[in-house]
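Here is what each chain is made of, one letter per residue.
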Amino acid sequence: MAADWETKAAERRQQLTNTIPEGWRLKSELINELQTPLEEHDNNVLELGICRHSGILSDKELAITESYSVSALLQALAGGTLTALEVTTAFCKRAAIGHQLLNCCTEILFDRALQRAAELDARRAAGEPLGALHGLPISVKDNVQVEGAGATLGLVGFFDDVSEQNSAVVDIILKNGAVIYCKTNVPQTMMTVDSHNNIFGRTLNPHNTSLSAGGSSGGEGAIVGFRGSPLGLGTDVGGSVRFPAACNGVYGFRPTVGRIPGGDLKICVDPGMRQIKSCIGPLANDIDALSLLMKVVIDARPWQLDPSVIDIPWRAVTVEAGRKLRIGVMPADPALPLHPPVRDAVERAAAQLTAAGHEVVRLQPSECMLWESIQAAFGLFSLDTTGQRIVEAAGEPPIPSRTSLYKGITFAPWTYLADAKGLEGLALLSALNKKRAEITGVWHATYTKHSLDAVIGPLMQHTAAPHDEFASSAYGTIFNLIDYPACVIPFGKATAKEGDTFEVKPGQYASEYKPAKSEGMPCTIQIVTPTMRDEECLAISKVIDTCLNK
């Protein structure tokens, strides 16, 4: 007999499906063309052209969702070439299809979104001033609070929780004319890289439904990657914006903590034990959308709404035409080897940047301290057991990826923390913070010694992994530990090469390299700058994106 929460969860999933209008539901004959169960088979729902074949979107709506950058959409909306209702309807339809295929949503808010879009069109027709995001649909991660919408975080213990007010970032984007139309899926406890929980189930990757969409902002990664959202808001405490962006082949940005208001997010941690703080960051299909969102939010003086914000304006930073950058290249950590497609992507990026005249500096593992950083980070994370206690109290089982991620941080002794062994309480916290300060100091010395403008490198050891097989988060989590802004950009697709070999040696950890699974999946490059250099990070990322992808 199913437990009470299992019955309620099944009902919640059905209620979510029922909010999709009948005319926007995929016909069974179209679903039958896919290999099912979707999560166990290789289905590229983008290449299959399901949106076009479904007949749900008109040609104009397909163009709206596929052919516009965010800036181009905003220009068309401001100029009246497109109406807010047209754009919102197009993305609601595509999000509805995306959810049916990928299970990416936790709250579907189409009715209120369409009503708001009509109101925005009326304001424009009346000649009222338009906000910087006038008419733009924006999706948000489940922990971003939207008044009147559920905020379960995929936790049975939060099953009936509904937000009583908006998060500050929601108020800001709404004041600027945005349209919020859905909330998206997350993992149980939000501390793993597979967006899977016992209420809403597992989110799938649009490039291959047998692979992970990443986490913890995996619903955002999937819906943006499916082009069911032009711009999404995720959060990042250990790589949780960047991993989904990479898995789904889109752009993502983790800003310095405190630039975007995030003090009023729904959380499942002890608010007094947030040693590594989460931050809100954007995901989009074009790089300019990232800086656009950052500027709009920061220009609104968010400190007036959220005391956790650093009250510093957004700076206009550009890289002068023809300027040659000095770029460090992060190496593979000896303990955490890279799958061949990831290794090749970093090497190709370094070669193309060199060919373009930029100066590339090869960094040493000792200058990056990746394995050491994952020990320090998870030492700090493990001080707070709130999420696990919520899971246990509700009687729900842990999701599998929490176990697999644990393997990626405990495969070898934590020798870097040997002098903290046996410590408890404040003595342990002090020892861990000293380790974090040491790693931060090493990165500062690396930047200053080499006079770097930015560092590039991998984000993950692999491309999007099979469900529950993500390896270590070290290449992403380090920048949460030391609070460096980091941008990820897509760069090519994985291709198996004849003679490629991959061996995990003693003292190393990596997931199994499966060339057939990796084939054709997005590769990515991570670009990093020091704390509070968010504007430089995005400006340099645009230069690098132009060099690599244009």
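Note on numbering: residues in each chain are counted from 1, in written sequence order. For this predicted model, a pLDDT threshold of at least 70 governs which residues receive local features, and a threshold of 80 or more governs which side-chain atom pairs are given and counted, while totals over whole chains, interfaces and linings are taken from all residues. To obtain the side-chain values, all non-hydrogen atoms of the structure were used and water was disregarded.

Engineer: Explanation requested: the pattern of salt bridges in the structure shown.
Structural biologist: A side chain with one charge may pair with a side chain of the opposite charge, provided their charged atoms come close. Each salt bridge in this description consists of a side-chain nitrogen of Lys or Arg and a carboxyl oxygen of Asp or Glu lying within 4 Å of one another. All told, the structure shown has 31 salt bridges when counted by the stated rule. As a salt-bridge pair, Arg259 and Asp534 come within 3.1 Å of each other at their nearest N and O atoms. Highlighted residues: Arg259 in the loop between strand S9 (251–254) and strand S10 (279–284) and Asp534 in helix H19 (residues 534–549), separated in sequence by 275 residues. Under the relative-accessibility criterion, Arg259 is labelled buried at 1%. In this structure, the salt-bridge partner of Arg315 is Glu536, at a minimum N-O distance of 2.9 Å. Labels follow the DSSP assignment, with helices taken as runs of H or I lasting at least four residues and strands as runs of E lasting at least two, numbered in each case from the N terminus. Classification of residues uses two cut-offs on accessible area relative to the type maximum, computed with a 1.4 Å probe and protein chains only: under 20% is buried, over 50% is exposed, and between them is partly exposed.

Engineer: How should I be thinking about the environment of Val504 in this particular structure?
Structural biologist: As for its placement among the helices and strands, Val504 is situated in the loop between strand S14 (486–493) and helix H18 (515–518). Separated by 166 residues in the primary sequence, Val504 and Leu338 have C-alpha atoms spaced 9.8 Å apart. We call two residues in contact whenever any of their non-hydrogen atoms come within 4.5 Å of each other. Those residues in contact with Val504 that sit more than four places away from it in its chain are Tyr509 and Ala510.

Engineer: Help me understand the packing of aromatic side chains in this model?
Structural biologist: The way to describe two aromatic rings as a pair is by their centre distance and the angle between their planes. Geometry of aromatic contacts follows a simple scheme: Phe, Tyr and Trp rings, the Trp one being its six-membered ring, pair when their centres are within 6.5 Å, and the pair is stacked under 30 degrees between planes, edge-to-face over 60, tilted otherwise. If you walk through the whole model with that rule in mind, you get 11 aromatic pairs. Summarising the aromatic geometry, the rings of Trp24 and Phe110 are spaced 5.7 Å apart at their centres and angled 55° between planes, so their arrangement reads as tilted. With Trp24 in the loop between helix H1 (4–18) and helix H2 (28–31) and Phe110 in helix H7 (residues 110–125), this pair connects stretches of sequence that are 86 residues apart. On the accessibility criterion, Phe110 (2% relative accessible area) is buried. When the centroid spacing of 6.3 Å and the interplanar angle of 70° are considered together, the rings of Phe502 and Tyr513 count as edge-to-face. Residue Phe502 is found in the loop between S14 and H18, and its partner Tyr513 is found in the loop between S14 and H18; the two are separated by 11 residues along the sequence. Of the residues examined, Phe502 reaches a relative accessible area of 22% and is grouped as partly exposed. Using a relative accessible area of 13% as the deciding quantity, one classes Tyr513 as buried. Members of the aromatic cluster, each reached through a chain of ring pairs, are Trp443, Tyr447, Phe479 and Tyr484. A ring is scored as having a charge over it whenever the NZ atom of a lysine or the CZ atom of an arginine sits within 6 Å of its centre and within 35 degrees of its normal. One Lys or Arg, Arg12, reaches over the ring of Phe159 and ends 4.4 Å from the middle of that ring. In this structure, Arg348 is placed above the aromatic ring of Phe491, and the distance from its NZ or CZ to the ring centre is 4.4 Å.

Engineer: It is not clear to me how helix H16 (residues 425–450) should be interpreted in this structure. Could you clarify?
Structural biologist: For an α-helix, 3.6 residues make a turn, and residues three or four places apart therefore share a direction. Helix span is expected to be 1.5 Å times the residue number reduced by one. With 26 residues, H16 ought to run about 38 Å at 1.5 Å a step, and its terminal C-alpha atoms sit 38 Å apart, in line with that. Each element contacted by the buried residues of H16 is listed here: strand S11 (326–329), strand S12 (359–362), helix H13 (370–381), strand S13 (454–457), helix H17 (474–481) and strand S15 (522–528). In the stretch just after H16, Ser451 is the one whose phi turns positive, near 50°.

Engineer: What is the right way to read the layout of surface pockets from this model?
Structural biologist: To locate leftover empty space, one rolls a probe as large as a water molecule over the atoms. For the largest pocket, the calculated volume is near 1,100 Å³. Of all elements in the fold, only H13, helix H14 (386–394), helix H15 (400–410) and H16 reach the threshold of two or more residues within the lining of the largest pocket. Residue polarity follows a fixed list, in which Ala, Val, Leu, Ile, Met, Phe, Trp, Tyr, Cys and Pro are nonpolar, Asp, Glu, Lys and Arg are charged, and the others, Gly among them, are polar. Here the lining of the largest pocket is composed, by residue class, of 22 nonpolar, 15 polar and 6 charged. The residue makeup of the lining of the largest pocket includes at least three contributed by each of domain 1 (5–304) and domain 2 (326–495 + 516–549). Any residue with an atom within 4 Å of a point lines the site, the site being either a cavity, points on a 1 Å grid over the protein atoms alone where a 1.4 Å probe fits but cannot get out, or a pocket, an open set with protein on both sides within 12 Å along at least 5 of 7 lines. Grid points are joined across faces, edges and corners, and a volume is the space filled by probe spheres set on the points. For every domain, the bounds stem from an assignment made automatically or drawn from a database.

Engineer: When you look at the UniProt feature "domain: Amidase" (unreviewed entry) in the protein chain in this model, what are you seeing that I'm missing?
Structural biologist: UniProt positions are given in the numbering used here, feature names are shortened, and annotations may be inferred rather than shown by experiment. The sites that UniProt annotates as "domain: Amidase" (unreviewed entry) are residues 86–538. Secondary structure across residues 86–538 divides into 35% helix and 15% strand, with the first and last C-alpha atoms of the span separated by 31 Å.

Engineer: What am I meant to see in the sheet that holds S11 here?
Structural biologist: For sheets, the rule is that strands pair by backbone hydrogen bonds, running either parallel or antiparallel. Strand pairing is assigned whenever DSSP detects at least two bridges linking the two strands. Spatially, the 11 strands line up as an open sheet ordered S1-S3-S2-S8-S10-S9-S14-S15-S13-S11-S12, and their pairing is mixed. The open sheet is flanked by strand S1 (105–108) and S12, the only strands paired with a single partner. Here the average twist between neighbouring strands, direction ignored, is 30°. Where S9 and S14 come together, 3 bridges link them in antiparallel fashion. Note that in S14 the partner of Gly252 across the bridge is Val488. Note on geometry: axes are lines fitted to C-alpha atoms, helical ones only across the stretch in contact, with angles between N-to-C directions running from 0 to 180 degrees. Its contacts with the sheet put helix H6 (residues 84–102) on S1, strand S2 (137–141) and strand S3 (179–184), and the angle it makes with S3 is roughly 10°. Lying over the sheet, helix H8 (residues 168–175) contacts S2, S3, strand S8 (231–236) and S10, oriented at roughly 145° with respect to S3.

Engineer: Where do I start with the UniProt feature "active site" (unreviewed entry) in the protein chain in this structure?
Structural biologist: Mapped onto the present numbering, the UniProt feature "active site" (unreviewed entry) falls at Lys141, Ser216 and Ser240. The annotated residues occupy 100 residues of the chain but converge on a single region, no pair of C-alpha atoms lying more than 10.8 Å apart. When only the residues just named are considered, the largest pocket is lined by Lys141, Ser216 and Ser240. Residue classification places Lys141 among the buried residues on the basis of a relative accessible area of 0%. Not counting residues within four places of it along the chain, the set of residues in contact with Lys141 comprises Lys183, Thr184, Val186, Met190, Ser216, Ser217, Glu220, Leu233, Gly234, Thr235 and Ser240. Take Ser216: it is sitting in the loop between strand S7 (208–212) and helix H9 (218–225). Those residues in contact with Ser216 that sit more than four places away from it in its chain are Lys141, Asn185, Val186, Pro187, Met190, Thr192, Ser195, Thr235 and Ser240.

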